[in-house]
Amino acid sequence: MTDNYLILPIFSHLVTAVLLIFAWRHVNIQRFISLCGHVFTLALALQLFNKTWKAGILTMQAGGWKAPFGITFVSDTFSATLVVLTAIAGLAVGIFSVVGVSKARMQFGYFAISHFLLMGLNGAFLTGDIFNLYVWFEIVIISSFVLMTLGGKKPQMEGAIKYVTMNMLASTIFLTAIAILYGLTGTLNMADLSVKVATIEKQELVNVTALLFFIGFGIKSAVFPLYFWLPSSYHTPPAAIAATFGGLLTKMGIYAMLRTFTLIFIPDPFMQNVLITCAILTMFTGAMGALNKTSIRRMFSYLIVCHIGYLIGGLGLHSQVALTGVIFYLIHDIVIKTNLFLSSGLIHKIRGSTDIRRLGGLYADYPKLSLLMAIIFFSLVGIPPLSGFWPKIDLFKASLDANAYVLLAAYIMASFFTLYIIAKMWSEVFWKPLPKRVEDLNDFDKLPFFKQAMLVFPVIGLALVSLYIGLGAEKIYTISERIAANMIDTDYYIRAVLKK
Amino acid sequence: MELLLIFLIGLLYSSGIYLMLRKSMVKLLIGLVLLGNGANILIFLMGDIAKGRPPIIAADAGVFTQMYADPVPQSLILTAIVISFGLQAFAIILLKRVYIITGSDNLDTLNTHDLDI
């Protein structure tokens, strides 16, 4: 079904960002416009999801050029779900930023750039053209470069160099892969690519191209040998920015990988092995990395890497059950990782540090806040009936079905290590008495009640979303199942786009 | 022509990666620029090089009968060049800032262990 509505979630962020540029130095006006933009986009995104759920799949041809020739925008259930999640995470981070980001950063365009970033994400989720996907990727990374370097402290710059280099390298590899794919097929439309790639005689060339895509997206989504830039850069920017990065940016890489490897390059046994091996090593190294870190934000960064392995492993199994699990986990992960970084920002505001050797006694001082964070951590670990538990059933079942016992062992091990890391963090940060020290770095109590509420409210909101995902698992499961079914049966997507 | 371009692409990619592996930040940047240019020429090569054959269908023929210069890769390259301009401009400013802060061009000086952030 053709519907021009699906451009609106992209457009609303663009308009917001442009309006924000006009209010360059007026911080209060910027805060207001940004919040309005987030709320408005969330409403648009929910409406888009509603429409997509009813119609099955929505398409839009830019400039009226028919499918394989023009740039197509496609909103299937997968895209629409991710747009909604981006809007939810964006709104939460937006509210947190009102107090959580320094005025100096706002005066240098923090809000405008963050809206450009979200615009890029929505564009990447909604496009049906592989080169257009590259362009949205570039919009996202250039915005993220600016967000990462705003402030310009030494550790930030060190992180930024690694981040910028790896992302530019990833883009170049992605571009190379597009070039070869275009040379092979002569098209850029993803649905058309899906049809044409299957008919190519030289499947070795297709495999090489697929691997180039895997490396390009793998760098962006922090898969095993290519993840090291993530833990060395994600802990440097302020919590609000890190939350956007941790919750959404790596997931964009995962989205691109899921899209290309279920639509264009259906994994053959070789590719499945590559994906599964990388997944196992990603989980292992992520868990090991998190074990010996003392800064909680570094721990969380490594946990991002660890849990990327879950998603890649499920993709490698490539069955209906596995993909259902992957989608469910992705939905859970976006919410929970955003919330983890927001709560680390809250802890930093309270104690003036994120180093566990200088933290402690949070439960004694802030029992309600601690219980709130307990919900987040329990959901992350996957204690039933919270949100992390349900997708694991599917992922475990799928690996048993495929006789992938090593992967199953890795899943269990990674879950166990996540539990251990969170338990260690809980006892260090919340239960241990506060180490004696001279200066009091508590910025949180000095804030007026309104500002405290602005910091706590997004954490509560995202925790409620997590609770909903966990307790209303049936609905999320239905959505995931439908997305997975559309991934296995690619004909549905192709027919909708090419109007055959 | 194709063979020449293939060698050029290989040269650009290999020298780009070699420069990226060096310790100097400036060389890192030049490496990224070379890689980007290599990718652009690769796109150009992939779209069938045909000299003096514009992609215009003659009035009496309904479809293309001969090889033609594909306009899509050229528009892709234009887009990619503009994007890489932006990224490289940003990277240059970033490297300059880092140089001012650390006072060194050596990438190994960027590994201070930040204990408390």
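Residues numbered from 1 in each chain as written. Chains lettered and ligands numbered in written order. Predicted model: local features only at pLDDT ≥ 70, side-chain atom pairs only at ≥ 80, totals over all residues.

Novice: I'd like to hear about the overall build of chain A, residue by residue, with values.
Specialist: Broken down by element type, chain A carries 20 helices and 2 strands. Radius of gyration (C-alpha) of chain A: 22 Å, near the 23 Å computed for a compact globule of 500 residues. Taking the principal axes of the C-alpha coordinates as reference, chain A spans close to 70 × 55 × 40 Å. Taking all 500 residues of chain A together, 61% fall into the buried category. (Helix = DSSP H or I, 4+ residues; strand = E, 2+ residues; numbered from the N terminus. Rg over C-alpha atoms; globule rule 2.2 N^0.38 Å. Buried ≥ 20, exposed ≤ 12 C-beta atoms within 10 Å, placed from the backbone.)

Novice: So what about the environment of Leu 28 of chain B? Which residues, and what values?
Specialist: When you line up the elements, Leu 28 of chain B lands in helix H2 (residues 25–46). Judged by C-beta crowding, with 22 C-beta atoms within 10 Å, Leu 28 of chain B ranks as buried. For the pair Leu 28 of chain B and Ile 17 of chain B, spaced 11 residues apart in the sequence, the C-alpha separation amounts to 8.8 Å. Excluding anything up to four places from it in sequence, Leu 28 of chain B contacts Thr 165 of chain A together with Leu 19, Met 20 and Leu 107 of chain B. (Contact = placed C-beta atoms within 7 Å.)

Novice: Just give me the short version of the pairing of strand E2 (residues 72–76) of chain A, but keep the residues and values in it.
Specialist: Residues and elements named next belong to chain A. Burial analysis of E2 places 5 of its 5 residues in the buried class, the great majority of the element. The alternating pattern of E2 places Thr 72, Val 74 and Asp 76 and Phe 73 and Ser 75 on opposite faces, both of which are buried. When strand E1 (residues 57–61) meets E2, the two strands line up antiparallel, connected through 5 bridges. Each bridged residue has a counterpart across the sheet, and for Gln 61 the counterpart in E2 is Thr 72. (Pairing = 2+ DSSP bridges.)

Novice: Just give me the short version of helix H12 (residues 296–317) of chain A, but keep the residues and values in it.
Specialist: For the α-helix, the turn length of 3.6 residues means that residues three or four positions removed from each other point alike. All names here are of chain A. Its 22 residues place the ends of H12 32 Å apart at the C-alpha level, agreeing with the 32 Å of an ideal helix rising 1.5 Å per residue. Of all 22 residues that make up H12, 22 are buried, and the element is covered over most of its length. Phi turns positive one or two residues past the end of H12, at His 318, with a value near 50 degrees. (Expected span 1.5 Å × (residues − 1).)

Novice: So what's going on with the packing of helix H15 (residues 367–381) of chain A against helix H18 (residues 449–471) of chain A? Residues and values would help.
Specialist: Residue and element names in this part refer to chain A. Two numbers describe how H15 lies on H18: the axes approach to 10 Å, and their chain directions differ by 40 degrees. The angle between the axes of H15 and H18 places the two elements in the oblique class. Where H15 crosses over H18, the handedness of that crossing is left-handed. Of the residues in H18, those touching H15 at Leu 369, Leu 372, Ile 375, Ile 376 and Ser 379 are Val 456, Val 459, Ile 460, Ala 463, Ser 466, Leu 467 and Gly 470. Grouping the amino acids of the contact of H15 with H18 by side-chain chemistry returns 9 nonpolar, 3 polar and no charged. (Axes fitted to C-alpha atoms, helices over the stretch in contact; angles between N-to-C directions. Parallel < 35°, antiparallel > 145°, perpendicular 65-115°, else oblique. Left-handed = near helix turned anticlockwise from the far one by under 90°. Nonpolar A, V, L, I, M, F, W, Y, C, P; charged D, E, K, R; others polar.)

Novice: Account for the packing of helix H11 (residues 269–291) of chain A against helix H17 (residues 405–431) of chain A, naming residues and giving values.
Specialist: Residues and elements named next belong to chain A. Their axes nearest at 10 Å, the elements H11 and H17 cross at an angle of 20 degrees. As far as their axial angle goes, H17 and H11 are roughly parallel. Here H11 and H17 pass one another in a crossing that is left-handed. Contacts between H11 and H17 involve Ile 276, Ala 279, Ile 280, Met 283, Phe 284, Ala 287, Ala 290 and Leu 291 from the first element and Val 406, Leu 407, Ala 410, Ala 414, Phe 417 and Ile 421 from the second. A class-by-class count of the residues in the contact of H11 with H17 yields 14 nonpolar, no polar and no charged.

Novice: With reference to specific residues and values, describe the nonpolar core.
Specialist: The biggest cluster of nonpolar side chains holds 211 residues, and the ones touching the most others in it are Ile 88 and Ile 178 of chain A. In this structure Ile 178 of chain A touches Ile 130, Phe 131 and Tyr 134 of chain A, once residues within four positions along its chain are discounted. (Core = buried A, V, L, I, M, F, W, Y, C linked by C-beta atoms within 7 Å.)

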